[in-house]
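Report on the structure
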Amino acid sequence: MPWGSLAAAKIPANFAMRAAGVWTRMAYFEYRAAVGITMAIDALLAARAPVDLVAVGSRFIQDELSHAELCARVAAELGGAAPMAFPSRMVAIPPQRLRPIMRAADLVTRVFCLGEAFSLPMAHAAAKKKAPPLVAAVLRRIAKDESEHGSFGWIFLDWAADQFSDEDRAYLSGLVKDALGAYRDLIAEQIPSDEGTLGWMTAEEFRHHAEMTLENDLIAPLAARGLYASSQTI
Ligand SMILES: [Fe+2]
Ligand SMILES: [Fe+2]
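All of these numbers come straight from a predicted model, not from anything done at the bench.

**Quick notes on the coordination of the iron ion (ligand 1)**
Around the iron ion (ligand 1), the donor atoms from the protein are Glu30 (OE), Glu64 (OE), His67 (ND1) and Glu146 (OE), and they sit 1.9 to 2.3 Å away. For the iron ion (ligand 1), the 4 donor atoms are set out with angles of 88 to 152° between them, so the coordination reads as irregular. Between the iron ion (ligand 1) and the iron ion (ligand 2), a spacing of 3.5 Å is present, and a bridge between the two is formed by Glu64. In this pair, Glu30 is assigned in helix α2 (residues 13-46) and Glu64 in helix α3 (residues 51-77), connecting sequence segments 34 residues apart. Per residue, the accessibility class of Glu30 equals that of Glu64, and both read buried.

**Here's the deal with the coordination of the iron ion (ligand 2)**
The protein atoms that coordinate the iron ion (ligand 2) are Glu64 (OE), Glu116 (OE), Glu146 (OE), Glu146 (OE) and His149 (ND1), at distances spanning 1.9 to 2.8 Å. We note that the donor set of the iron ion (ligand 2) lies within a single chain, spaced as E-x51-E-x29-E-x2-H.

**A word on a nonpolar patch on the surface**
Taken together, the side chains of Tyr31, Leu65 and Phe86 make up a nonpolar region of the molecular surface, amounting to roughly 310 Å² of accessible area. Within the fold, Phe86 resides in the loop between α3 and α4 (100-127).

**Examining the environment of Ile187**
Along the chain, Ile187 turns up in helix α6 (residues 166-188). For the pair Ile187 and Asp63, spaced 124 residues apart in sequence, the C-alpha to C-alpha distance is 27 Å. Setting aside chain neighbours within four positions, we find Ile187 in contact with Phe206, Arg207, Ala210, Glu211 and Leu214.

**Quick look at the pattern of salt bridges**
All told, the structure shown has 7 salt bridges when counted by the stated rule. The closest approach of N and O atoms between Asp158 and Arg225, which form a salt bridge, is 2.8 Å. Of the two residues, Asp158 sits in helix α5 (residues 133-160) while Arg225 sits in the segment after α7 (203-224), which places them 67 residues apart along the sequence. What makes Asp158 partly exposed here is its relative accessible area of 45%. Looking at Arg225, the relative accessible area reads 23%, which means it is partly exposed. In this structure, Arg184 and Glu215 form a salt bridge, with 4.0 Å as the shortest nitrogen-oxygen distance. In this pair, Arg184 is assigned in helix α6 and Glu215 in helix α7, connecting sequence segments 31 residues apart. On the basis of relative accessibility, which here comes to 42%, the residue Glu215 falls in the partly exposed class.

**Structural notes on the layout of surface pockets**
Each pocket or cavity is described by its volume, and for the largest pocket that value is around 1,700 Å³. Every residue lining the largest pocket is counted, 43 residues in all, and those nearest its centre are Phe29, Arg32, Phe118, Leu186 and Phe206. The set of elements that each furnish at least two residues to the lining of the largest pocket consists of α2, α4, α5, α6 and α7. Counting residues per element, the lining of the largest pocket draws most heavily on α4, at 10 residues.

How each quantity is defined
- Residues numbered from 1 in each chain as written.
- Chains lettered and ligands numbered in written order.
- Predicted model: local features only at pLDDT ≥ 70, side-chain atom pairs only at ≥ 80, totals over all residues.
- Heavy atoms only, no water.
- Donors = N, O, S within 2.8 Å, 3.2 Å for Na, K, Ca; no water.
- Tetrahedral: all angles 85-135°; square planar, octahedral: opposite > 155°, others 65-115°.
- Helix = DSSP H or I, 4+ residues; strand = E, 2+ residues; numbered from the N terminus.
- Buried < 20%, exposed > 50% of the residue type's maximum accessible area, 1.4 Å probe, protein only.
- Patch = residues over 30% accessible without salt bridge, like charges linked within 9 Å, V, L, I, M, F, W, Y side chains within 5 Å.
- Areas by Shrake-Rupley, 256 points an atom, 1.4 Å probe, with all protein chains shown as cover.
- Salt bridge = Lys/Arg side-chain N within 4 Å of Asp/Glu carboxyl O.
- Contact = heavy atoms within 4.5 Å.
- 1 Å grid on protein atoms, 1.4 Å probe; cavity = no way out; pocket = protein on both sides within 12 Å on 5 of 7 lines; lining within 4 Å.
- Points joined across faces, edges and corners; volume = space filled by probe spheres on them.

And the structure:
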């Protein structure tokens, strides 16, 4: 990684401050992914999921923490992390009433099928943008690691499929509906701007890639597993 190259570049102070804010939030999202995956791994072990599958997933925690470090170092080169509120609970705990397999399904669906499966194509799209060498190298590294994370949730759902009742599927479909609604809100909130970016997508690019990702990488595999009804209003 060409560390130091961004700090040495002559970036206007206002833009550097804005960019530091974006990279601080990116570091937080990576950190939150590490928390979510840790919780999912814990639930998978309690549900006695195949140990080889859990072993693969557990390696992702280290990936996410290293992504958080990379993003934080980029923010540092831009002048330092921006202040942000740090929530006491980053990832919701599944309801206690659920049996172990459904607690695992709740977390894996939210963290992987709705989270990581969304991040993967978005990370690849971001990595294709023209950016200064350090930003490009960090984005490429993140996109490369995310490739494995994106498919993990579907492997779990296929393994667990015959343990789900109709009621279980209805519960998971409810999670799916809420998360897709939140993504639609996020897309609608994008405000077009002609300001430059430093490794993140413009509002138009975000909308374009997010809509494609929702259709192809979330809704299609969820529908194939009976967790999305086409009549569902998102
Ligand atoms: Fe990541
Ligand atoms: Fe990831």
